[in-house]
Amino acid sequence: MQAGYGPLTPGTSHLLAITAPDPHGGPAWGMRVFATKRGVGCMQVGRLLDDRLGALGRDGAFNDDGHFHEVPAGGAIRFSACSALDGKGRIFNNTILSNQPASAWSGFGSCVPSSATPAEKAPELGDPAEPRGLAPERPHPVRICPQADERNLYYGLLGPEAASITYTSGARHRTVPTVGAEGAYLIVTQAPSHQLYSGAAGGTSNVVPVHGPITAIHYRDGRTCHLTSRSWIGGTSACTPSLRVPVGYLPVKAPTAAQVSTPIHARAVRNRRGEREIVVSFVSRVPITEYRSEYSLKLDESELHGRASAPYRADAGANVAAGQTVSARIKRHGPHGGSVPAGVYRGTVTLIAATGPALYEGPGTAYLHVGDFSVRVP
C-alpha cells in the first residue's frame, strides 16, 4: 500500500537551469524538482558541482572533509519543500529557510545556529552510519555554526505565467526574470546575526512567497501580484488584485458529495485486553490515490466530555481503492486507557479533498459529507 508522499516517480527528478552564487564563494547553489506517485511535487536546494546537486564537507557535515557529496532526490540536503501537483502535474510552491549552514547539509553532524533552541543544541545520540548493535550509541557534540556560515534561502516555482519577480536587496529593489517553464527563482543571502532561527527542517512554504524579500510577481499578461506581510492565497490580502490560486494554476477536480456518500457502520467491541472500544467502518465509493485527500472521522464533542477519543483521520495518508472497507477505532481517552464508558456516541465522516496547491486543508479544499453514525455502548 502506498502511503505518505509515496515513492519517487521515475523520470521526474531533474535539475532546473537556475543557479545562485554563494555570498562567500565556492560552488553555486542549484535547485532540483521531483514528483511522487501520490501527487506530490518537491523542490530541493543544495550546492551544485558538475551538474550534480549535493552538500559540502564543512560546518560539521561529512567530518569536515572539504569534499563535495552528491545527494539523491529526497536525500538530506536542505528541506524538500513539497506541495500538491496541479491538474497538469506542475509544482507551485515557495519556500523560505533562515540560518541554514553553507554546507547545505541537514543530516547527521550538521551545525546549528547560535539562535537555535536548547533542544536543537543538545548532543546527538549515535551516528546513523554506524551499524546498529555493533557500536554503542553515544552522544556527539553539536557544533554551533559560525555566523559567516549561515545562509538565508528564498526559492520557489511560480508557474509558466510568471515572467519576473521584484525583491528587496539592502535598500534597493531588484527585478529579475524567472527561469524556465516552471517560473523558478533562487536567492541566497548571508543570514544576519539578529535573525531568529526557522528550524532545522522547518521554514515557511506557501503558494506565494510570503514573509521574505519578494514584493511583487509580474505575470506575462501584464498583471502584477503585490505581496504584503499577510499574503496568503485564498485570502483578500494575498495579492493586489486578489488571487485565490496562482496565475496559471489548474485546480484538481474533487468528487461530489453524492459520489462519496455511503452508509457508516459503528459497533461496540472489546479489544485484546477486554476493554470496550468502538469500531467505525464504511466502504469507500471513490479511490484515494493522492496525498491531498483523506477521510476524517469526528465525534460529536458535546457528548464526549473527555470520555473517549477518536483518530482525526481514518486510514490517513494511504491509498484507498474504490470498494475498499475503511475503518477506525474510538478508544478511551487518557494515558491509562480502559473501556469506553457506556453511552450513546454520534459522529460524522468527511472526505477532505484539497483541490489547490496545499497538501492538506488549504485554500480551495472541499469538505464532502460521507455519512453519520450513532452507536450505543452498553
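What you see is a predicted model, and the numbers here were worked out from it, not measured in a lab.

Parameters and conventions
Residue positions within a chain follow its written sequence, with the count starting from 1. This being a predicted model, a pLDDT of at least 70 is required before a residue's local features are given, and a value of 80 or more before pairs of side-chain atoms are given or counted; all residues contribute to the totals for chains, interfaces and linings. Hydrogens and waters are ignored; side-chain quantities use all the structure's heavy atoms. Cavities and pockets were defined on a 1 Å grid built over protein atoms only: a cavity is a set of grid points that admits a 1.4 Å probe from which the probe cannot escape, a pocket is an open set flanked by protein on both sides within 12 Å along at least five of seven lines, and lining residues are those with an atom within 4 Å of any such point. Grid points are joined across faces, edges and corners, and a volume is the space filled by probe spheres set on the points. Counting from the N terminus, the helices are DSSP H or I runs at least four residues long and the strands are E runs at least two residues long. When residue character is reported, Ala, Val, Leu, Ile, Met, Phe, Trp, Tyr, Cys and Pro are called nonpolar, Asp, Glu, Lys and Arg charged, and the others, Gly included, polar. pLDDT expresses, on a scale from 0 to 100, how confident the predictor is about each individual residue. Contacts were defined at the residue level, with two residues in contact if any of their heavy atoms lie within 4.5 Å. Among the buried residues, those of types Ala, Val, Leu, Ile, Met, Phe, Trp, Tyr and Cys that are joined through side-chain atoms within 4.5 Å form a nonpolar core. Only protein chains enter the accessibility calculation, which uses a 1.4 Å probe; a residue is then buried when its area is under 20% of its type maximum, exposed when over 50%, and partly exposed in between. Strands pair, by our definition, only if DSSP identifies at least two bridges between them. Throughout, an axis means a line fitted to C-alpha atoms (over the contacting stretch in the case of helices), and angles, computed between N-to-C directions, take values from 0 to 180 degrees.

Draft legend 1. Layout of empty space enclosed by the protein. One pass over the full model with this rule turns up one cavity of 30 Å³ or more. Of the pockets and cavities examined, the largest cavity occupies roughly 60 Å³. As for the largest cavity, its lining consists of 14 residues, and the residues nearest its centre are Thr95, Ile96, Tyr185, Pro209 and Val210. Secondary-structure elements contributing two or more residues to the lining of the largest cavity are β7 (93-101), β10 (150-157) and β14 (204-206). Classifying every residue of the lining of the largest cavity by side-chain character gives eight nonpolar, six polar and no charged.

Draft legend 2. Expanded view of the confidence of the model for the protein chain. Here the protein chain averages 82 in pLDDT, while 79% of its residues score no lower than 70. In the model, residues 128-136 has pLDDT below 50 throughout and makes five contacts with residues more than four positions away in sequence or in other chains.

Draft legend 3. Local environment of the nonpolar core. Counting 24 residues, the largest nonpolar core has Ile278, Tyr295 and Leu351 as its most contacted members. Of all the elements in the fold, those that place two or more residues in this core are β18 (276-283), β19 (293-299), β22 (325-332), β23 (343-354) and β24 (365-377). Per-element accounting of this core gives the leading share, six residues, to β24. Within the second largest apolar cluster, 20 residues are counted, among which are Ala81, Ile91, Leu157 and Leu186.

Draft legend 4. Examining the sheet that holds strand β16 (residues 224-226) more closely. On the basis of which strands lie adjacent, the open sheet formed by four strands has the order β12-β11-β15-β16 and antiparallel pairing. Two strands bound the open sheet, and with one partner strand each, they are β12 (172-177) and β16. Going from strand to strand, the sheet's axes swing by 20° on average, the running direction of each strand aside. Relative to β16, strand β15 (residues 214-219) runs antiparallel, the two sharing three bridges. Looking across to β16, one finds that Ile217 is bridged to Cys225.

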